[in-house]
Amino acid sequence: MKISYNWLKSYLDFNLVPKDLAEILTNTGLEVESVDAYESVTGGLEDVVIGEIVACEKHPDADKLNVTKVDVGTGELLQIVCGAPNARIGLKSPVALVGATLYPSSGEKFQIKKAKIRGVESFGMICADDELGLGESHSGIMELDVNTKVGTPASEYFKVEKDTVLEIGLTPNRSDAFSHIGVARDLSAALSAVYKIDLPLKKPVAAVSPSPSGKAGVGTAVSVEDLTACPRYSGINISGIKIADSPDWLKNRLKAIGVRSINNVVDITNFVLHEYGQPLHAFDADKIKGNKVIIKKLPEGTLFKALDGTDRKLSAEDLMICDAEGNGLCIAGVFGGLDSGVSEATTNIFLESAHFDAISVRKTAARHNLRTDAAMHFEKICDINITVEALKRAASLIVEICGGQVSSDITDVYPAPVKGYPVTITLSRINKLSGADIPTATIKNILNKLEIAIEKEDGDTLSLLVPTFKADVKREADILEEILRIYGYNSIPMPKALHSSLSFSPKVDHTKLENIAANLLIGSGFSEISTNSISQSKFEQDEALKQQQILLLNSQTAELDSLRTSMLYSGLEVIAHNQNRKQTDLRLYEIGKTYHKSTDGYGYGQHQHLALFLTGQDADDNWLTKGKKYDFYHLKSYVDNLLHRFGVHQYDSTVVEASPFIFASKLTIEDKTIAIFGQIDKAILKNFDIKQDVFFADIDWDLLMVHSHHTHIQFKHLPKFPAVRRDLAMLVDTALTFEQIEKLAHNESRKLLREVSLFDVYKGDKIEQGKKSYAVSFTFLDPEKTLTDADIDKTMSKLMKKLESELGAVIRK
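Report follows, based on the coordinates. (Residues numbered from 1 in each chain as written. Predicted model: local features only at pLDDT ≥ 70, side-chain atom pairs only at ≥ 80, totals over all residues. Heavy atoms only, no water.)

**A short note on the overall build of the protein chain**
Right, so step 1: For the protein chain, the helix and strand inventory stands at 20 helices and 41 strands.
Right, so step 2: Computed over the C-alpha atoms, the radius of gyration of the protein chain is 39 Å, more than 25% above the 28 Å expected from 2.2 N^0.38 for a compact globule of 813 residues.
Right, so step 3: Along the first, second and third principal axes, the C-alpha atoms of the protein chain reach 120 × 90 × 70 Å.
Right, so step 4: Here the protein chain holds 813 residues, and the buried ones make up 48% of them.
Right, so step 5: The contacts of the protein chain with a sequence gap of at least 6 include a subset with a gap of at least 24, amounting to 69%.
Right, so step 6: Side-chain charges in the protein chain split into 93 positive and 110 negative, and the spacing between the mean points of these groups amounts to 4 Å. (Helix = DSSP H or I, 4+ residues; strand = E, 2+ residues; numbered from the N terminus. Rg over C-alpha atoms; globule rule 2.2 N^0.38 Å. Buried < 20%, exposed > 50% of the residue type's maximum accessible area, 1.4 Å probe, protein only. Contact = heavy atoms within 4.5 Å. Lys, Arg positive; Asp, Glu negative; His and termini not counted. Charge placed at Lys NZ, Arg CZ, Asp CG, Glu CD.)

Shown next as C-alpha cells:
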C-alpha cells in the first residue's frame, strides 16, 4: 500500500521528516518497506527556467537552425542554437541550462552540455513539451504567456509537486489502515501516546447539497436480493455533470500512489477509495434500464461484457449489479461493465457505495483472475458503517469538480445495522499480560484516539465498543494488541530476571534430522530447491495418483489448479528452468510435502518426502579428464548413504517398470515403500522440453523417521586380524536378484561376514536359456582372531547349501 506524505498531512498537521514518520508507523505495526521521492514531473525541472528570446538570426552554416540570444534573468544573455521553426524574438519558453538533466516523454534521460553546433557555441536548450516530459508535442518550442517573468524556475511556473511516498507492507488483518485516514488515525494515536504531541484528526466534511429547487428528484431504485453477500447498499443520483480531465491536484494525488488518471468522475471514486478505504462505482444512469438496480446472482454461464471488453462467463455464485431487466451492469465489488460505465458522453450518474461480503468478493475475484483495488479492499473487510459518509464525500467532490447537482436523496438499504463489537477488558490484566505498568490515562487516551468507545467504567473493568472498521478486534487479547502497538513494544521494560524450564522430549527431532540430511547432501554437491506445492493437474501421469488429486476451488491461474501429489514435476520445472539458462549439470534435493485425497473421497492427507534429482555430468570436462554422466548407480549410492546414515540397513529391493520411470528400484520395509528411485521416462521429460536423462529418487520422509535410529558415528580401531575373501561362481535364474543373495548370506553368517560383492555377470548362448552366471565375492573377518581355512570352509559350506536349497543356485566347483 502506498501512502502520500503530502496527502497524509491534509488530515494531520504533523511536522516530521519522512524518515521519522516511517519509523513511527513501523513501530505501530504499519511496516514501511520503502520511502521514495515523487515529483509530478520526473526530474522536477531542476535547472530549467523561463527565458525570453531577445535576438534570433539564421545559423551561418545551417538553413534550418537559428542562433538566438536568450535572457534567463541572470543579467547575461545566453547564446543558444535552436532548430525550432517557431523560434522568434519576444517568445518566452522554458530553457534548460547547462548541467540540467531532462527526462523526455519517451526515450532515455539526457544532460545538457555546452556544445558547438556547426561551428557555433550553444549554452543550453530551448525546450519543447516532450523534451521536458510535459506532453507529446515536438512541433516546436513551448510558447508561454508574454507576461511570464523571465528567470522564473520552471518548477514554479508549471507547479511541479514534490512528495514522498511510503510503501507500507500492510498485513491482511489491518483493513482499518487500508487508507490515508486509517494511517493518519494510527499516527495521531502514536504521536499522542509516545511523543505527547496531541494533534486532532481532521476528517473531510462530507456534505451533499440538494438540487437548486430544494426538492430531490426520483432516484435510481435499489433492490437487494442477497443480503448475505450484500448487507448494505447505498447510492445517490447526480445529474448535469461534465466528463473531463481532473484538476492537477487530484491527478497528482493519484499519480503519487501509482493510480492512473482516467477522468474526473473515475478519479474522484479512486481518490475516495484511498482516502476512506471504501470502494465506489459510478454508473451512467441513462444506461440503467428501468432506472433500477437489483443486487443478485445470475445463472451459471451467463455472459457478461466487462470493462476491459472481454466476455466473461459468470458463476452462479458471482454477485452482480443488474438493471430492471436483469442485465448485468457490474460484478459486485470486483469489476465494472463496458455498457454501463462512465464515458465522455455521460451527463447523469448513479453513484454506488456498498458493503459486499469479503469471502464472496474474494472467490469471485479469484475465479475471474481480477485483482482490482476494489476487490482487494473488500477482501480485507471494509467498514460497513462508512458507505454513506464516503458517498457524501464523493458526491460533494463530483458536484464541485464536474458540475451538475445532486438529483436524489441517498438510498440506503441497511436492514440489519451493526453498531460495533462489544469487548470487556480488565486494566490489571492488560498490564499483567503486557509486562508493563501502563498508566490508565494512557490506555484511555489510546482507545480514544483509535475511536474505540468506552461505554462503561466499573472500577478496574472497562466495557468497550469497537468500531466496525476494526473487523479483527473482538477479544480482550485484540484490545491488548491495539494498545501495545500504539504504546510501543520498545517501551516495555526488559525484566531483570528471565525464567524458563528445560523439557526433555524422547520423540524424533524432525528438524535436526532434516538438517543432518541437508548437510549430508550439500556435502555431496547437492543444491537445495524449494518449489511451489500448487502444481498443474495435467502433469500427473499415474492413474492412482490422479484419483487422489486435490483440485483448487479458486486457482489464481488456469495452470496452477491442484496441490501436488508428487515431488517430481515441480523439480522437473526447476531443471528445465536451469537448462534453458545453460545450467545442465545439476544435483538437486528438496524436502517437501505432497497432498492426497482419500480413496473414498472423504478426508485429506499430506506426506513429507525427500526428493533427489540428478542430471548431466558429475564434473566439467577439462584437459585432463572428462566428466562422467550421471546414471542409476550414482543415485543408488546417494540413497543408500542416506538410509544408512539414519540407521536403516535392512530393506527389501525390487526392480519395477512403472510410470514415471523407465525402470526403478523400490525399497520396502514391511511391505511399505520407503524409497523408489530410477530413470525418468523420456516421454515425461519431453513435456518439460528436457533433452537429457534425469534420475529421480523419492524417499518417504515420514516412514524414514519411523524407522530411523539414533545413529552415532563412532571411531573404531583398524582390525588387528586380516580379512579373508572367497569367491563363488554360480548359475541362477534370470529373475533372481543380487539383493536376494546378499540378504541370504548376511542372515546365514551374521558374525563373520563383512561384505558381499557382485563382480561379474554373464548372460549368453553358452549357458542354458533362462539362466545367468553370477560371480560373487564374500569377505570374512573375526575381530578376535585370525580365521583359519577350516573356519572359512565351514561357513562357505553352509552358505553354498543355503544358496542351492533356497535360491536354486548351481555352484560351480
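**Thoughts on the pattern of salt bridges**
Right, so step 1: All chains considered together, the criterion is met by 36 salt bridges.
Right, so step 2: The partner of Glu451 in a salt bridge is Arg185, and the shortest N-O contact between them spans 3.2 Å. Placement of Glu451 in the loop between helix 11 (440-449) and strand 26 (453-458) and of Arg185 in helix 4 (residues 180-193) is noted, with a sequence separation of 266 residues between them.
Right, so step 3: The class of Arg185 is buried, set by a relative accessible area of 6%.
Right, so step 4: Residue Glu806 pairs with Lys802 through a salt bridge whose shortest N-O separation is 3.2 Å. One end of the pair is Glu806 and the other is Lys802, both in helix 20 (residues 789-807) and four residues apart, which spans about a single turn.
Right, so step 5: Here the residues in one salt-bridge network are Arg174, Asp176, Asp186, Lys470, Glu482 and Arg485, joined through shared partners. (Salt bridge = Lys/Arg side-chain N within 4 Å of Asp/Glu carboxyl O.)

**Re the sheet that holds strand 39 (residues 753-762)**
Backbone hydrogen bonds hold the strands of a sheet together, and the pairing may be parallel or antiparallel.
Right, so step 1: One open sheet holds the four strands; their spatial order is 39-40-38-41, and the pairing between them is antiparallel. In this open sheet, the two strands that pair with only one neighbour each are strand 39 and strand 41 (810-812). Direction aside, neighbouring strands of the sheet carry axes that sit 30 degrees apart on average.
Right, so step 2: Inspection of the sheet shows strand 39 paired to strand 40 (residues 771-780) by eight bridges, in the antiparallel sense. Of the residues in strand 40, the one forming a bridge with Leu753 is Phe780. (Pairing = 2+ DSSP bridges. Axes fitted to C-alpha atoms, helices over the stretch in contact; angles between N-to-C directions.)

**Some remarks on the side chain of Gln608**
Right, so step 1: Looking at the element boundaries, Gln608 is found in strand 33 (residues 604-615).
Right, so step 2: A polar contact of 3.4 Å, which involves the side chain of Gln608, links it to the side chain of Glu514.
Right, so step 3: Those residues in contact with Gln608, other than ones at most four positions away along the chain, are Glu514, Ile591, Gly592, Lys593, Ile699, Asp700, Trp701 and Asp702. (Polar contact = N/O pair within 3.5 Å; in protein donor to acceptor, adjacent residues only side chain to side chain.)

**Topic: the pairing of strand 25 (residues 421-426)**
Right, so step 1: By the alternation rule, side chains of strand 25 split into Tyr421, Val423 and Ile425, which are all buried, and Pro422, Thr424 and Thr426, of which none is buried.
Right, so step 2: Summarising the sheet, strand 25 and strand 27 (residues 461-466) pair through six bridges and their orientation is antiparallel. Bridge pairing in strand 27 links Thr424 to Ser463.

**Concerning the nonpolar core**
Right, so step 1: Counting 55 residues, the largest nonpolar core has Phe14, Leu21, Leu25, Leu187, Val265, Val272 and Ile398 as its most contacted members.
Right, so step 2: Top contributing element to this core by residue count: helix 9 (residues 387-402), with seven residues.
Right, so step 3: The residues touching Val272, leaving out its near neighbours within four places in the chain, are Gly277, Gln278, Leu280, Ala390, Arg393, Ala394 and Leu397.
Right, so step 4: Core analysis: the next-biggest nonpolar cluster, separate from the first, contains 33 residues, Leu298, Cys322, Ile331 and Phe378 among them. (Core = buried A, V, L, I, M, F, W, Y, C linked by side-chain atoms within 4.5 Å.)

**Observations concerning helix 6 (residues 264-276)**
Each α-helix winds once per 3.6 residues, and so residues spaced three or four apart point in a common direction.
Right, so step 1: The end-to-end C-alpha separation of helix 6 is 18 Å, in line with the 18 Å expected for 13 residues at 1.5 Å each.
Right, so step 2: Inspection of helix 6 places Asn264, Val265, Asp267, Ile268, Thr269, Asn270, Phe271, Val272, Leu273, His274, Glu275 and Tyr276 among the buried residues, and these make up the whole buried set.
Right, so step 3: Between a side-chain oxygen at the N-terminus of helix 6 and the backbone nitrogen of Val265 the separation is 3.2 Å; the capping residue is Asn263.
Right, so step 4: Following helix 6 by one or two positions, Gly277 adopts a phi angle in the positive range, close to 85 degrees. (Expected span 1.5 Å × (residues − 1).)

**A few points about a nonpolar patch on the surface**
Right, so step 1: Nonpolar side chains collect at one region of the surface, where Val194, Tyr195 and Ile197 lie side by side and expose about 240 Å² of accessible area between them.
Right, so step 2: Residue placement: Tyr195 occurs in the loop between helix 4 and strand 13 (221-224). (Patch = residues over 30% accessible without salt bridge, like charges linked within 9 Å, V, L, I, M, F, W, Y side chains within 5 Å. Areas by Shrake-Rupley, 256 points an atom, 1.4 Å probe, with all protein chains shown as cover.)

**Here's the deal with the pairing of strand 26**
Right, so step 1: Burial of strand 26 is sparse: only zero of the six residues sit out of reach of the surface.
Right, so step 2: Inspection of the sheet shows strand 26 paired to strand 27 by five bridges, in the antiparallel sense. Counted as the bridge partner of Ala453 is Leu465 from strand 27.

**Focus: the packing of aromatic side chains**
Right, so step 1: Applying the stated criterion across every chain, the model contains 16 aromatic pairs.
Right, so step 2: On the basis of an interplanar angle of 85 degrees and a centroid distance of 5.7 Å, the ring pair of Phe646 and Trp701 is categorised as edge-to-face. Here Phe646, found in the loop between helix 16 (632-645) and strand 34 (652-656), pairs with Trp701, found in helix 18 (residues 701-707); they are 55 residues apart in sequence, far enough to count as distant. The exposure classification of Phe646 matches that of Trp701, with both residues buried. (Phe/Tyr/Trp six-rings, centres within 6.5 Å; stacked < 30°, edge-to-face > 60°.)

**Points about the sheet that holds strand 36 (residues 672-680)**
Right, so step 1: The seven strands are arranged 28-32-33-37-36-35-34 in an open sheet whose pairing can be described as mixed. Each having just a single partner strand, strand 28 (527-528) and strand 34 make up the two edges of the open sheet.
Right, so step 2: Sheet topology note: the strand 34/strand 35 (residues 661-669) ladder contains five bridges and is antiparallel. Across the sheet, residue Thr654 finds its bridge partner in strand 35, namely Lys666.

**A few points about the packing of helix 4 against helix 11**
Right, so step 1: One can describe the packing of helix 4 onto helix 11 by two numbers: an axis separation of 9 Å at closest approach and a directional angle of 160 degrees. Between helix 4 and helix 11, the crossing angle belongs to the class labelled roughly antiparallel. Considering only the axes of helix 4 and helix 11, their crossing is right-handed. For the pair helix 4 and helix 11, contact is made by Arg185, Ser188, Ala189, Ser192 and Ala193 and by Asn445, Ile446 and Lys449, respectively.
Right, so step 2: Split into classes, the residues belonging to the contact of helix 4 with helix 11 amount to three nonpolar, three polar and two charged. (Parallel < 35°, antiparallel > 145°, perpendicular 65-115°, else oblique. Left-handed = near helix turned anticlockwise from the far one by under 90°. Nonpolar A, V, L, I, M, F, W, Y, C, P; charged D, E, K, R; others polar.)

**A short note on the environment of Gly488**
Right, so step 1: Relative to the assigned elements, Gly488 resides in the loop between helix 12 (476-487) and helix 13 (510-523).
Right, so step 2: Along the backbone, Gly488 and Ala193 are 295 residues apart, and their C-alpha atoms lie at a distance of 8.9 Å.

**What about the environment of Met800?**
Right, so step 1: Mapped onto the elements, Met800 comes out in helix 20.
Right, so step 2: With ten residues separating them along the chain, Met800 and Val810 place their C-alpha atoms 9.0 Å apart.
Right, so step 3: Leave out the neighbours within four places in its chain, and Met800 touches Leu728 and Ile811.

**Some remarks on helix 15 (residues 568-579)**
Right, so step 1: In a regular helix each residue adds 1.5 Å, so twelve residues correspond to 16 Å; helix 15 covers 16 Å between its end C-alpha atoms and thus fits that length.
Right, so step 2: Of all twelve residues making up helix 15, nine are buried, and the element is well covered by its neighbours.
Right, so step 3: For helix 15, the secondary structure elements touched by its buried residues are strand 32 (586-597), strand 33, strand 36, helix 17 (682-687) and strand 37 (694-700).

**Some remarks on a negative patch on the surface**
Right, so step 1: Residues Asp585, Asp618, Asp620 and Asp621 make up a contiguous surface patch of negative charge.
Right, so step 2: When you line up the elements, Asp618 lands in the loop between strand 33 and helix 16.

**Details of unusual backbone geometry**
Right, so step 1: Following Ser659, the chain continues to Pro660 via a peptide bond in cis, the omega torsion being 10 degrees.
Right, so step 2: Along the chain, the position of Pro660 falls in the loop between strand 34 and strand 35.
Right, so step 3: With a phi angle near 60 degrees, Asp47 is a residue other than glycine that sits in the positive phi range.
Right, so step 4: As for its placement among the helices and strands, Asp47 is situated in the loop between strand 2 (32-39) and strand 3 (48-58).
Right, so step 5: Within the chain, Asp671 stands out as a residue other than glycine whose phi angle is a positive 65 degrees.
Right, so step 6: Mapped onto the elements of the fold, Asp671 is located in the loop between strand 35 and strand 36.
Right, so step 7: With a relative accessible area of 77%, Asp671 lands in the exposed category.

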